[in-house]
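Structural features, examined
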Number of protein chains: 2
Amino acid sequence: MASMQALYQDFSAPDSTGDIAARVNALRTSLAEAGLAGFIVPREDEYQGEYVPAGNERLQWLTGFNGSAGLAILLHDHAALFVDGRYTLQAAQQTDTSLISVIHSADQKPSAWLADHIEADTEIGIDPRLHSATMYRQFERLCIKAGARLRPLATNPIDELWHDRPALPDFPVQDHPIDVAGETASHKIESICALLDDAGQNALLITQPENIAWLLNIRGTDVPHTPFVLSTAILHSDQTVDWHIAPERISDTLRTRLSASVRLIPPTDLAKGLAAQAGKAVWLDPITTPMWFIQNLKGAQIYEAADPIALPKARKNATEISGAEQAHLWDGVALCRFLHWLQTSPEPKTEISVACQLEAFRRDQPRLRDLSFDTISGSGPNGAIVHYRVNQATDRPLEDGTLYLVDSGGQYDCGTTDVTRTVLMGTTPHPDMVGHFTRVLRGHIALAKVTFPIGTTGAQLDALARAPLWEAGLDFDHGTGHGVGSYLSVHEGPHRISKESDVPLQPGMIVSNEPGYYRAGAYGIRIENLQYVVDASPKGDRPMLGFQTLTRAPIDRRLIDATLLAPDERDWLNQYHDEVYHMVSPYLDEPVAHWLKAQCAPIT
Amino acid sequence: MASMQALYQDFSAPDSTGDIAARVNALRTSLAEAGLAGFIVPREDEYQGEYVPAGNERLQWLTGFNGSAGLAILLHDHAALFVDGRYTLQAAQQTDTSLISVIHSADQKPSAWLADHIEADTEIGIDPRLHSATMYRQFERLCIKAGARLRPLATNPIDELWHDRPALPDFPVQDHPIDVAGETASHKIESICALLDDAGQNALLITQPENIAWLLNIRGTDVPHTPFVLSTAILHSDQTVDWHIAPERISDTLRTRLSASVRLIPPTDLAKGLAAQAGKAVWLDPITTPMWFIQNLKGAQIYEAADPIALPKARKNATEISGAEQAHLWDGVALCRFLHWLQTSPEPKTEISVACQLEAFRRDQPRLRDLSFDTISGSGPNGAIVHYRVNQATDRPLEDGTLYLVDSGGQYDCGTTDVTRTVLMGTTPHPDMVGHFTRVLRGHIALAKVTFPIGTTGAQLDALARAPLWEAGLDFDHGTGHGVGSYLSVHEGPHRISKESDVPLQPGMIVSNEPGYYRAGAYGIRIENLQYVVDASPKGDRPMLGFQTLTRAPIDRRLIDATLLAPDERDWLNQYHDEVYHMVSPYLDEPVAHWLKAQCAPIT
């Protein structure tokens, strides 16, 4: 099969640094006219998410940098772009380093840099729409400490200079019907309003698109890879909702389903809508809510507390779990066809051609709406770059004797998938690859088969996935698992598996299990399945929880040293492979099914 | 060998409730005369430790309750005694429940109870010597919230009513010489002063006896089981110390060793000494320092931060580690002789007779100064009571077919030991005992042999010791490990192995490894060794840490199902037993050595 064009991915190499100097100069002039000593430019927009529409890529407009996280501070004599470890190289390539210093945010935080450079009696501009209350207040305290002032701006000066700024999305909103949502919007509204009543609150301000999507059972296409509708809602304790969204985006059918309790209000009336809450007790989460909302909730009694939607959204209901099982079966069919093609087709392959082919197999499946993120397709040393994103400048052939790491996922209308497999190209692995792969696998199995008491957090389980690596003086520098949405964000809180996670795991939560090992300049290994929390109390003294695996794809047996597996580890692997074969093979052509049977044969 | 009298332990049954009514009435009268609505009586004295001298047992004087933790609040119409789960039964037996309600502090905290019962415009008395600043402020906030006031009292009304109050200890202070301390007091003073300099502080207030003992290389006999000298010190950044202690307690030799930089000042001058810090920057830890000190540091600039001595004290130096090895070898000889006697001597045994016999074997060892705590000696169902302390009323015979759990330790002048063994009485265990014991053992081994990166906390490792129990729906309700001092407290921070511990483990830290399983009404199982953190970086990419076991005593092989052990678990056990045999047997008589050889033979 010839490899195909990608629909959901873009592999173009980073832009050149073009007209960054002109933009920086124009912004400095504009700041000077406003009497400002500087301006803070985050990558986030007012929805604080990982993906933003093109018209909100202000950080890229100013600096040229198009990574998914970063923040710039522009002063008249200095400018800095802060990025995390995945982006230091890319940022330096994309921006004009003669004008803007690229700083690893682990080395110096933006607030520390600003404290070093700010002058007393000056004012720093900030767009309060783009910073959470928590972040905004950090900058505010820092300015006060330096004898300076943070000035919230009514309009963003970048928007005024950005003449060809793309329009913001106005695509039709999609229904997320009850046969995949499993619970009506009105029932969800009722249950969240019960939490408002318990807390003595009149309203909940909802600025996170995933929370609106969950609450109202709607989805959209406003940003890539995540079915968000960018909008804002106020849930009132009388079970009505003010949904600030262009009414023309909502079809009549959807309008009927939402009923009169959901009022559609143009986004231009948002400030007015906030002002109308004066005198009311309004709940918001300061970690995710931009400061602008607090500044516009004049006269309201604001209750700052953790987002009450996060937990109910994370605990998937039976319909969502069954949708996830279905999505993972379809995804498993695509993955098995892909892995068969990868190992058997003779044509030359590169990271991009292979990622396109994987997307093509996924697009053959029913009800795929998008990929859930840009595929991480890493050959040899590129596999060791944890968040590697291939482009035409970095594209590498897949060569015999190397490892190929592919981390990818699909957005099906009934569930979100996220899976990583590491595959040997050719036939003969280096013994180190086998030793490392087996340790990663043992960590993965430990986290897949663990049973744990109610109240256990991801921080308590994290070491189980690392201990086999630690034993050999090895480790990996990323979390072991993240929550996953139900046809929503591929990264969804509040729970995760990492040494910092303090949220108890609860039945229905979906979480990834993805230990890895990375040998810089040589290869990367990661084995990732999604799994969800289930009751596991068949015996013993106490109610216990455990995990059920969702992902259906074989794990490369040529990279496993079976002599290093304990009997219960071998049993887990054999049972997993048996399930993969029996569930996926009915949907495969005979040669692929035959191939899969061999991949899934018991290891002894 | 006949069982012997205990020197270091007292097995008398709890007192009757005697004259509690008279004392409660007298205290109420005294409070009324002072215009107070109530008084708070903690078990702690001004040193905030687990053991207090008889003259500071104020909680017992008032309520009759003599457990190691508790707090009473006496109001005119109500009185309550708050204890934790280990003491609810004992407290109800010992106090007069017609006058004083016994409350499980997990059900209602003292502060919540007081908030329910306090009346506006009244004053509650408190002795600020006996409450840490942190605790004091909690009570203060609660009183303010209720419109009432907390009144710190210059003298404790109990002391005025307690006519036969025992004198406070004035035993001679003992030198802790350099061959066991491994570092001179002047060097320790220098290193702590460097921390004071870094923090810009002029002085450190030291109220914890273990910190004074460590800093000055002294020990004492002021309280049972822990070699404390009850005193207070102020360390100045010029490397001098004001040590508030009766000068006659210090011998001339010790005075010479301490040199002129340590000024001996009578405790009666303590308030004056604190007042003399006016204008200086003084570091203290509010979690361990009683409020009285803050109230008396008038005019000083107080810096409240974590105790800077805790970490250096916890990181044992090479001499202290070698002392711990020596102490554990002596203790191992006593334990092996004891376990041999327990299993082979025909005489009838009870929990008390056996605890006395174990103490006698320990007293045969060189340089034993005390037990490190009251032996937990639990036969059958008493073994399932986690903090069981036997007395003449609860003493149980050791019967064939039951499990006997013994948790004990010694204070040797070069190290502190703490060990638990669970032993089958007779020859035939119930299969459940073997299954549970093997799971506890597997958890113990996982925590003994784990390798982990620098920066790892006890919270990250805790689940390793629990996973084999979790797998069967089982768990235990106590921490997995606590820090241990060097001829000091058997419970010593700041590190521990529990789901809450956020202190990274560092080389030289000694910690217990003590998973357990408790079947209420039937038996208790616990396997506890001490181990210390060592460098473990023989290979791999990163510097790693691991543990070295200190405790030398066989683990009852009759309770192990070897078929449930993984090969690496079996290897660990066989190597451990091999070391126990080869290190301990040279000090044993032939029959005991012969017996030990069989206990330590490899399991296949």
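Residues numbered from 1 in each chain as written. Chains lettered and ligands numbered in written order. Predicted model: local features only at pLDDT ≥ 70, side-chain atom pairs only at ≥ 80, totals over all residues. Heavy atoms only, no water.

**Focus: the overall build of chain A**
Rules: Labels follow the DSSP assignment, with helices taken as runs of H or I lasting at least four residues and strands as runs of E lasting at least two, numbered in each case from the N terminus. Each radius of gyration is computed over the set of C-alpha atoms, and the globule rule expresses the reference value as 2.2 Å times the number of residues to the power 0.38. Throughout this description, buried means an accessible area under 20% of the type-specific maximum (1.4 Å probe, protein chains only), exposed means over 50%, and partly exposed covers the range between.
The helix and strand tally for chain A stands at 19 helices and 28 strands. Taken against the 2.2 N^0.38 rule, which gives 25 Å for 604 residues, the C-alpha radius of gyration of chain A at 25 Å falls within 12% of a compact globule. Along the first, second and third principal axes, the C-alpha atoms of chain A reach 70 × 55 × 45 Å. In chain A, buried positions account for 59% of the 604 residues.

**Some details on the pairing of strand S6 (residues 149-152) of chain B**
Residues and elements named next belong to chain B. Quick note on the threshold: When DSSP finds two or more bridges between a pair of strands, those strands are recorded as paired. A crossover counts as right-handed when, viewed with the strands pointing away from the observer, the path leading from the first strand over the helix to the second turns clockwise.
Judged from the 4 bridges that link them, strand S5 (residues 123-126) and S6 form a sheet pairing that is parallel. Residue Glu123 lies in a different strand from S6, and its bridge partner there is Arg149. Traced from S5 through helix H5 (residues 133-145) to S6, the parallel crossover comes out right-handed.

**Digging into the relation of the copies chain A and chain B**
What counts here: Overlaid copies result from least-squares superposition on C-alpha atoms, with residues included only where pLDDT is at least 70 in both. Two residues qualify as a contact provided that any one of their heavy atoms is within 4.5 Å of a heavy atom in the partner residue.
For the pair chain A and chain B, the superposition axis carries a translation of 0.0 Å, the fit reaches an RMSD of 0.1 Å, and the rotation angle comes to 180°. Taken together, the rotation and translation describe the operation of a two-fold axis. In terms of proximity to the rotation axis, the leading residue of chain A is Gln460 of chain A, whose C-alpha is 2.8 Å off the axis. A symmetric contact is evident, with 97% of the interface residues of chain A recurring at the interface of chain B.

**Re the side chain of Arg362 of chain B**
Residues and elements named next belong to chain B. Cut-off, in case you're wondering: Whenever a nitrogen or oxygen atom comes within 3.5 Å of another N or O atom, the pair is scored as a polar contact, on the condition that within protein one atom can donate a hydrogen and the other can accept it, and that pairs from neighbouring residues in sequence are kept only if both atoms are in side chains.
Here Arg362 is to be found in helix H15 (residues 351-363). Within polar-contact distance, the side chain of Arg362 engages the side chain of Asp331 at 2.6 Å. Residues contacting Arg362, with those up to four places away along its chain left out, are Asp331, Ala334, Leu335, Leu368, Leu371, Ser408, Gly409, Gly410, Tyr412, Thr417 and Val419.

**As for the packing of helix H16 (residues 431-449) of chain A against helix H18 (residues 567-584) of chain A**
All names here are of chain A. To keep things clear, this is the line we draw: Fitted lines through C-alpha atoms serve as axes, helices being fitted only where they are in contact, and the angles separating the N-to-C directions of these axes extend from 0 to 180 degrees. Throughout this description, any angle smaller than 35 degrees is read as roughly parallel, any larger than 145 degrees as roughly antiparallel, any in the 65 to 115 degree range as roughly perpendicular, and the remainder as oblique. Each residue is assigned to one of three groups, with Ala, Val, Leu, Ile, Met, Phe, Trp, Tyr, Cys and Pro labelled nonpolar, Asp, Glu, Lys and Arg labelled charged, and all others, Gly among them, labelled polar.
Contact geometry for H16 and H18: axes closest at 10 Å, N-to-C directions at 80°. As summarised for this structure, H16 and H18 are arranged roughly perpendicular, according to the angle between their axes. Packed against H16, whose contacting residues are Leu441, Arg442, His444, Ile445, Ala448 and Lys449, the element H18 presents Asp568, Glu569, Trp572 and Leu573 at the interface. The class makeup of the residues in the contact of H16 with H18 is 5 nonpolar, 1 polar and 4 charged.

**Some thoughts on the state of the cysteines**
All names here are of chain A. Counted only if it meets this: In this description, the term disulfide denotes a pair of cysteine sulfurs within 2.5 Å.
Per the stated rule, a full pass over the model turns up 0 disulfides over all chains. The closest cysteine sulfur to the non-disulfide-bonded Cys336 is located on Cys600, 6.7 Å from its own sulfur. Taking the relative accessible area as the measure of exposure, Cys336 reaches 0% and is therefore buried.

**Points about the interface of chain A and chain B**
Under the convention used in this document: As used here, buried area is the combined drop in accessible area, with a 1.4 Å probe, of two parts when they are placed together. For this document, the term salt bridge refers to a Lys or Arg side-chain nitrogen within 4 Å of an Asp or Glu carboxyl oxygen.
Across the contact, 29 residues belong to chain A and 28 residues belong to chain B. Taken together, both faces of the contact between chain A and chain B bury some 2,300 Å²; the carbon and sulfur share is 52%. On the chain A side of the interface with chain B, the three residues burying the most area are Gln460, Trp470 and Arg542 of chain A, jointly 27% of the side's total. Applying the counting rule to chain A against chain B returns 4 salt bridges. Of the charged contacts in the structure, one is a salt bridge between Lys449 of chain A and Glu471 of chain B, with a shortest N-O distance of 3.7 Å. Inspection of the region where chain A meets chain B yields 8 residue pairs in polar contact (both at pLDDT 80 or more). Broken down by element, the residue count for the side of chain A that touches chain B peaks at 7 residues, all from helix H17 (residues 458-470) of chain A. For the side of chain A that touches chain B, the per-class residue count stands at 14 nonpolar, 5 polar and 10 charged.

**Regarding the sheet that holds strand S1 (residues 38-42) of chain A**
All names here are of chain A. With respect to topology, 6 strands assemble into an open sheet ordered S4-S3-S2-S1-S5-S6, the strand pairing being mixed. On the outer flanks of this sheet lie strand S4 (101-104) and strand S6 (149-152), each paired with one strand and no other. Looking at each pair of strands side by side, their axes are set apart by 25° on average, direction ignored. Inspection of the sheet shows strand S2 (residues 71-75) paired to strand S3 (residues 79-83) by 4 bridges, in the antiparallel sense. The residue of S3 that forms the bridge with Ile73 is Ala80. Those strands touched by helix H1 (residues 20-33) are S1, S2 and S3, and its axis lies near 60° from that of S2. Sheet strands touched by helix H5 (residues 133-145): S1, S2, strand S5 (123-126) and S6. Its angle to S6, the strand with the most contacts, is close to 140°.

**Looking at the environment of Arg255 of chain A**
Residue and element names in this part refer to chain A. Looking at where Arg255 falls in the secondary structure, it is placed in helix H10 (residues 252-258). We classify Arg255 as partly exposed; its relative accessible area is 38%. For the pair Arg255 and Gln343, spaced 88 residues apart in the sequence, the C-alpha separation amounts to 49 Å. Not counting residues within four places of it along the chain, the set of residues in contact with Arg255 comprises Pro247, Ile250 and Leu264. A distance of 3.0 Å separates a polar atom in the side chain of Arg255 from the backbone oxygen of Pro247.

**Quick word on the environment of His577 of chain B**
All names here are of chain B. Note on placement: His577 falls in helix H18 (residues 567-584). In sequence terms His577 and Cys600 are 23 residues apart; their C-alpha atoms lie 4.7 Å from each other. With residues near it in sequence (within four places) discarded, His577 still touches Pro554, Ile555, Arg557, Gln599 and Cys600. There is a polar contact of 2.9 Å between the side chain of His577 and the backbone nitrogen of Ile555.

**Some remarks on the environment of Ser105 of chain A**
Within the element layout of this structure, Ser105 of chain A appears in the loop between S4 and helix H4 (110-117). Separated by 35 residues in the primary sequence, Ser105 of chain A and Gly70 of chain A have C-alpha atoms spaced 8.8 Å apart.

**A few points about the side chain of Thr95 of chain A**
Here Thr95 of chain A is to be found in the loop between helix H3 (88-94) and S4. Only 2.7 Å separates the side chain of Thr95 of chain A from the backbone oxygen of Thr63 of chain A, close enough to count as a polar contact.

**Some points on unusual backbone geometry**
All names here are of chain A. Each neighbour pair has its own omega, and for Gly493 with Pro494 the value is 5°, a cis peptide bond. Phi at Ser259 is positive, roughly 70°, even though this residue is not glycine. Examined against the element boundaries, Ser259 turns out to sit in the loop between H10 and strand S12 (262-265).

**Here's the deal with the pattern of salt bridges**
A complete count under the given rule lists 68 salt bridges over all chains for this structure. Here Glu579 of chain A and Arg552 of chain A are joined by a salt bridge, their closest N and O atoms 3.7 Å apart. Residue Glu579 of chain A is found in helix H18, and its partner Arg552 of chain A is found in the loop between strand S28 (544-549) and H18; the two are separated by 27 residues along the sequence. Exposure remark for Glu579 of chain A: the relative accessible area of 27% places this residue in the partly exposed category. Of the charged contacts, one joins Arg558 of chain B and Asp556 of chain B as a salt bridge, the two residues approaching to 2.7 Å between their closest N and O atoms. Asp556 of chain B sits in the buried class, given a relative accessible area of 5%.

**A look at the confidence of the model for chain A**
Quick reminder of the rule: The quantity called pLDDT is the predictor's confidence in a given residue, expressed from 0 to 100.
For chain A, per-residue confidence averages 95 on the pLDDT scale, and residues scoring 70 or more make up 99% of the total. Here the prediction assigns the complex a pTM of 0.92, and the interface score ipTM is 0.88.

**Considerations on the pairing of strand S4 (residues 101-104) of chain B**
Residues and elements named next belong to chain B. In this sheet, S4 lies alongside strand S3 (residues 79-83) in parallel orientation, the contact comprising 4 bridges. In the sheet register, Val83 faces S4, and the bridge partner there is His104. Of the crossover connections in this fold, the one passing from S3 over helix H3 (residues 88-94) to the parallel S4 is right-handed.

**Concerning the sheet that holds strand S10 (residues 232-236) of chain A**
Residue and element names in this part refer to chain A. Strands sit in the order S12-S11-S10-S8-S13-S14 across an open sheet of 6 strands; the sheet is mixed. Strand pairing shows two members of the sheet lacking a second neighbour, S12 and strand S14 (301-304), which therefore form its edges. Each strand axis lies, on average, 20° off the axis of its neighbour in the sheet, ignoring direction. Alignment of strand S8 (residues 203-206) against S10, held across 4 bridges, turns out to be antiparallel. By the bridge assignment for S10, Ile206 is matched with Ala233. Docked against the sheet, helix H8 (residues 185-198) engages S8, S10, strand S11 (241-244) and strand S13 (281-284), running at close to 70° with respect to S10.

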